[in-house]
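Architecture and fold: a report
Chain residues, written in single-letter form:
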Amino acid sequence: MEYLDEIRHILASHDLKLDAVLNNGLSNIVVKAADAQGELYALKYYPRDTFKIGREERFIELASGTIPVQIG
């Protein structure tokens, strides 16, 4: 799975480790990751789909007052 190597690289750059692949849905991949303290995170990964990335960024902007989010 080529995308898992890319996801692991992204997680490593943020000192996170892959815990589980939660969803390999229609157009994105969702994984669970953990930091060194055991704090859990969800990462939604869009393989090279700029339209869906832009749509997700707009959603995150709207939701950022309600749930903690980070783009990047």
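In what follows, the accompanying structure is described. Keep in mind the model is a prediction, meaning the values are calculated, not measured. (Residues numbered from 1 in each chain as written. Predicted model: local features only at pLDDT ≥ 70, side-chain atom pairs only at ≥ 80, totals over all residues. Heavy atoms only, no water.)

In terms of helices and strands, the chain carries two helices and three strands. Written out in order from the N terminus, the α and β elements of the chain read α-β-β-β-α. Counting the 72 residues in the chain, one finds 26% classified as buried. Of the contacts made within the chain by residues no fewer than 6 positions apart, 18% connect residues no fewer than 24 positions apart. Accessible area for the chain stands at about 5,500 Å²; split by element, carbon and sulfur atoms hold 53% of it. (Helix = DSSP H or I, 4+ residues; strand = E, 2+ residues; numbered from the N terminus. Buried < 20%, exposed > 50% of the residue type's maximum accessible area, 1.4 Å probe, protein only. Contact = heavy atoms within 4.5 Å. Areas by Shrake-Rupley, 256 points an atom, 1.4 Å probe, with all protein chains shown as cover.)

Let us now look at the nonpolar core. Core analysis: the largest hydrophobic core is formed by ten residues, namely Tyr-3, Leu-4, Ile-7, Leu-11, Leu-16, Ile-29, Val-31, Ala-33, Leu-43 and Tyr-45. Contributing elements (two or more residues each) for this core: α1 (2-13), β2 (29-34) and β3 (40-45). If you tally residues by element for this core, the top one is α1, at four residues. Once you skip the residues sitting within four places of it in the chain, Leu-11 turns out to touch Leu-16, Lys-17, Leu-18, Ala-33 and Leu-43. (Core = buried A, V, L, I, M, F, W, Y, C linked by side-chain atoms within 4.5 Å.)

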